[in-house]
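Descriptive analysis of the structure
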Amino acid sequence: MTNAMTNIIKAAASFFLSHILFLFFFFHLHCQSAQNNSEQIIPSYINIGIIEDPNSPLDAMTSSCMEMAISDFYSAHPNYTTRLRTRTRRAESLLDADFAVLELLKQEQVHGVIGPQHSTEEKFITELGQKVHVPIISFTARISALPDIENHYFVRTAIDDAVQTRALAAICKGFQWAKVVILYEETDYGSRFISHLKRALQDVEIGQVLHPVAVPGSAKKSHLLKELSMLNKTQTGVFLVHMNPSLGFRLFTLAKMSGMMSKGYAWIITDSISNFLNSMDSVTRDSMEGVVGIRPYVLHLKKFQERWTRNSMVQNKNRGQVMDLNAYGLWAYDTITALAFAVEKIGPVNSSLLYTKLAKNGTKHGPLRISSFGPRLLRELSTTKFRGLSGHFELVDGKLKASAFEIFNVIGTGERRVGFWTPDGGIRRQFISSSDHDKAKTYSTSTAELKNIVWPGDSTTQPKSWSILPTRILRIGVPCKPGFKEFVNVTDIDPATNRTYNPTGFAIDIFNAMLKYLPFEIKYHFYYYNDTSKSEWTYDDMLHGIPRDFDMVVGDTTIWAPRASYVDFSLPYSESGVVLLVKNKKVFDMWIFTKPLRWDLWLAIGLSCIFMGIVIWILERPAANNPITPGEESVVMPETEQPGMTYLAPITVLAFPERNMVTNKWSLLVLVCWLFMAFILMQSFTANLSAILTVDQLKFAFSEDFFLGYHEASFMKKFLIETLNIKESRLRGYSSVEGFHDAMCRGSKNGGIDAIFDEIPYMKLLMNRYDSQYKTVGPTYRTDGLGFAFPLNSPLTAYFSRAILNVTQSSEMTTIEQKNFGPGYSSQDPLSSTISQGTSSLNFKQFSGLFIIVASVTIFALICSQMPTLSKLTNITKQLVNKYCCRTTTAGINVERKMAPNSDQDDADATCIEVVEIPWSNEADVVQDVEREIKGGTSSTDK
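Residues numbered from 1 in each chain as written. Predicted model: local features only at pLDDT ≥ 70, side-chain atom pairs only at ≥ 80, totals over all residues. Heavy atoms only, no water.

**Looking at the overall build of the protein**
Helix and strand content of the protein: 27 helices and 33 strands. The buried share of the protein, reckoned over its 943 residues, is 47%. In the protein, the proportion of contacts linking residues at least 24 apart, taken out of those at least 6 apart, comes to 73%. On the protein, roughly 49000 Å² of surface is accessible, and the fraction owed to carbon and sulfur atoms is 55%. (Helix = DSSP H or I, 4+ residues; strand = E, 2+ residues; numbered from the N terminus. Buried < 20%, exposed > 50% of the residue type's maximum accessible area, 1.4 Å probe, protein only. Contact = heavy atoms within 4.5 Å. Areas by Shrake-Rupley, 256 points an atom, 1.4 Å probe, with all protein chains shown as cover.)

**As for the confidence of the model for the protein**
Taken residue by residue, the protein gives an average pLDDT of 77. The fraction at 70 or more is 72%. Here residues 832-839 scores under 50 on pLDDT; set against residues more than four positions off or in separate chains, the count is 14 contacts. Below a pLDDT of 50 lies the segment residues 937-943, which in the model reaches 9 contacts outside its immediate sequence neighbourhood of four places, other chains included. (pLDDT = per-residue confidence, 0-100.)

**Structural notes on a nonpolar patch on the surface**
Nonpolar side chains collect at one region of the surface, where Trp-599, Leu-603, Leu-607, Ile-610 and Ile-614 lie side by side and expose about 520 Å² of accessible area between them. Residue class for Trp-599 comes out exposed when judged on its relative accessible area of 63%. (Patch = residues over 30% accessible without salt bridge, like charges linked within 9 Å, V, L, I, M, F, W, Y side chains within 5 Å. Salt bridge = Lys/Arg side-chain N within 4 Å of Asp/Glu carboxyl O.)

**Things to note about the packing of aromatic side chains**
Throughout the structure, instances matching the rule amount to 39 aromatic pairs. Plain terms: the ring middles of Phe-73 and Phe-341 are 4.9 Å apart, the flat faces sit at 90° to each other, and that makes the pair edge-to-face. Taken together, the residues span a long stretch of sequence, with Phe-73 in helix H2 (residues 57-76) and Phe-341 in helix H12 (residues 327-346) at a distance of 268 residues. Ring geometry for Tyr-734 versus Phe-740: centroids 5.7 Å apart, planes at 55°, classification tilted. In this pair, the class of Tyr-734 matches that of Phe-740, namely buried. Each residue in the set Phe-484, Phe-487, Phe-506, Tyr-573, Tyr-734, Phe-740, Tyr-762, Phe-788 and Phe-821 is aromatic and connected to the rest through ring pairs, giving one cluster. Seen from the ring of Phe-408, Arg-295 lies directly overhead, with NZ or CZ sitting 4.2 Å from the centre. A cation over a ring is seen here: Arg-732 above Phe-707, with NZ or CZ 3.7 Å from the ring centre. (Phe/Tyr/Trp six-rings, centres within 6.5 Å; stacked < 30°, edge-to-face > 60°. Lys NZ or Arg CZ within 6 Å of the ring centre and 35° of its normal.)

**Quick word on the pairing of strand S31 (residues 786-790)**
Burial within S31 is extensive, with 5 of its 5 residues counted as buried. Judged from the 3 bridges that link them, strand S24 (residues 552-558) and S31 form a sheet pairing that is antiparallel. Across the sheet, residue Val-553 finds its bridge partner in S31, namely Ala-789. (Pairing = 2+ DSSP bridges.)

**Observations regarding the pattern of salt bridges**
The full count for this structure, using the stated rule, is 27 salt bridges. Between Arg-285 and Glu-415 there is a salt bridge, with the nearest N and O atoms lying 3.0 Å from each other. Placement of the pair is Arg-285 in helix H10 (residues 282-287) and Glu-415 in strand S18 (residues 414-422), with a sequence separation of 130 residues. A relative accessible area of 11% means that Arg-285 is categorised as buried. Looking at Glu-415, the relative accessible area reads 31%, which means it is partly exposed.

**Some details on the UniProt feature "binding site: L-glutamate" (unreviewed entry) in the protein**
The feature "binding site: L-glutamate" (unreviewed entry), as given by UniProt, occupies Thr-558 and Arg-563 in the numbering adopted here. We classify Thr-558 as buried; its relative accessible area is 2%. Residue placement: Arg-563 occurs in the loop between S24 and strand S25 (568-569). When neighbours within four sequence positions are excluded, Arg-563 is seen to be in contact with Tyr-539, Asp-540, Leu-543, Thr-557, Thr-558, Phe-569, Ser-714 and Phe-715. For Arg-563, the side chain forms a polar contact with the main-chain oxygen of Thr-558, separated by 2.9 Å. (UniProt positions renumbered as here; feature names shortened; annotations may be inferred. Polar contact = N/O pair within 3.5 Å; in protein donor to acceptor, adjacent residues only side chain to side chain.)

**Thoughts on the sheet that holds strand S4 (residues 136-138)**
Within the open sheet, the 7 strands sit side by side as S2-S1-S3-S4-S5-S16-S15. Their pairing is mixed. Among the strands making up the open sheet, the edge pair consists of strand S2 (82-90) and strand S15 (395-396). Across 9 bridges, the pairing between strand S1 (residues 44-52) and S2 is parallel. Looking across to S2, one finds that Glu-52 is bridged to Arg-90.

**Concerning unusual backbone geometry**
Cis geometry is found at the peptide bond from Ile-546 to Pro-547, where omega equals 0°. Mapped onto the elements, Pro-547 comes out in the loop between helix H15 (539-543) and S24. Positioned with a positive phi, Asp-397 is a non-glycine residue whose angle comes to about 55°. Of note, Asp-397 is situated in the loop between S15 and strand S16 (399-400). One non-glycine residue, Asn-725, lies in positive phi territory at about 60°. Residue position: Asn-725 is located in the loop between helix H20 (716-722) and strand S28 (731-734). Here Asn-725 falls in the exposed class, since its relative accessible area comes to 64%.

Here you go:
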């Protein structure tokens, strides 16, 4: 029994001891294995610096995201041997940030810096990173202040704003908004954004940014209200807002108070505000009802957001306000993830090889060392690609690759997504991922792809980039002037508000007639302009008040090229051109019939008549002594009439051309020459007398003592000085028709003027009132007439121009003209410019050649008829000509014989034909013989 018990005890002890030894051996092996493993997994750490603002809700949110990223990454990858180790420095100002970076580089020996979070900190820090070869990484910088070639070590892990401006331009084109007013924060970042936006709008070939309004970040309520009031007076209802969320939220609250969040308006916000909408209060959200915004598209990460909320409450319970999670937090998370991947790809490094040498310029704390790890980190970071929380992470040229933006509509207490914009597909209703880009074969800018949008004022009607809103009353400026009230007459005025209630005149009637041709109704008030603070107000001063004081100007405003640089004009509603007007100096007297010929020509004509009469008398004297053939009628005037007709012969031959006044052939030659000269003189006399009776003798010529009148307050003074180079001292201004007329009557010697330079409508008015007292001379200088003025690029210009065409080309135009300018007035009748040709009396010198010819022929005829030798020479010449130069021919003459009344012959009606062969030079003698034969005489052939 005892032995059995002893054996049992020994067996149990042996079993227990063997198990103890086994357990000890197993434990030893496990410990050895654990020791070996612990010696193998000893990670190397790479220091990464982080700069954050302790007072920034954004920095509090992103800091929490970065801590979660490190924890999540190494929990998922516990075997990674090269790890990130963050070193955080807080900076409340720009100077603090600069010192923080220096401290991180010097003391913490960081090989990368995450920051700056504000663009104002960028330049110094990026230059410092470039110098020491340390990458500066920012997930908030959207636009770099430095060229890419100068910031090689600056990495932006946020979407570049150039991509966002492309999305905004596509939206503007899709909604056909050619004109947009942009409000931006007055910072360098805001200015650079405007530059990118203008370039993007030009790329899609639409409109322009109108009146960019820079708002200071510290702007007070009064300043914002003033800017909104000015914007409400513009003729566009589309506004694009790009500013920090705090300033933007205050702006929308005041816009709601100003009535600018009502029907007809459109407000677009960039992601500078839309990324923070979940942080605004209920009052601000209510004021932004109907706003359309864009922001980078990220997937809805409900689980991550819940986890971030729990962690944030624990980590930041003593920090104060923390911003809700947004895209910047996701970019911060992905930035840490990208850095973790990058350092792991580099692998473990010897800490002694992390730096190469000292920088040439150090700080007061000592020199800075140049990192040899930084370039490798930058290279690996640039090639890192993965699917992050914000989407696909990939760097292109140091920037996050462009990705999609979502387009949303603020409705009620939330936002409703209405569509997407992608760099390759444009505007789409559904999201197209990068792998499906081939499905989007075309780039779309059509907003028909979007879901229905509810605009401000609960309107579903798309606002236009210009609009005459129901809440807006157009301020129409009219000139208040003392003269030419036929164009604009301002009577009923309110000095306190400068309003005028019942203006009249030609321009006002044109405006009223146009309203029915506009495709929309407008509300308007008339405001008169006459700057009494200036001694000489001008139309230019009034036009410079657009759009500050007036939305448009209705009046007798000349369309002139220099004015087109600051206002737009409608088509003209009146005639165009500038003319010179002078007084009509036509002289009427009883001796006006003597004016066509000067005294010397009259004297020459009188002496010529006497000379001709004496010559003809001398030539006709021999004929009076010749016997008269029986039966032949005498053609020689009686002896008693010859002395009286001596001097009247040249005149008589004109009065009685059918009378045979001469018988001598030389006298006939003289009279033919005289008739030729008399015909020329008569035609010249008639033409010159007609000119004197019908054309004004306007002998106006500029001299050193002349004075010109011009329309006061108009552009004419500048036109005359700059274009026509007339001295200002020679110009005198007048403002009414009566003033012009009085000055012209007085003349320059009595304080008046010699001529008027002004536009055709005013000159026609003056000439219509004073009838024929004035005439225009010289050329017409071109202007474009009178029109209405609008702000630059105003959409109203085209509509009013079309309405003007409808009025001016209708019968209503004549009614309006005659109502204001009097019966018979019509702009359709051109103002003929009567230009003086300097017509004056004709003188003897102008016709001396004619007198020489006639006198030469007359004297030659007289000499030949009176000198026997010359007479014989003439006869011999005649015979030679007949013999050698003239040929003979057979002339047949039908002669009807006159039978005696009592003749017994039966063939009383018979005719006798006698054929004679004669030279043509004797044809006259043949005719005389035939006539004598018929009368019963003897013919020359019988002889």
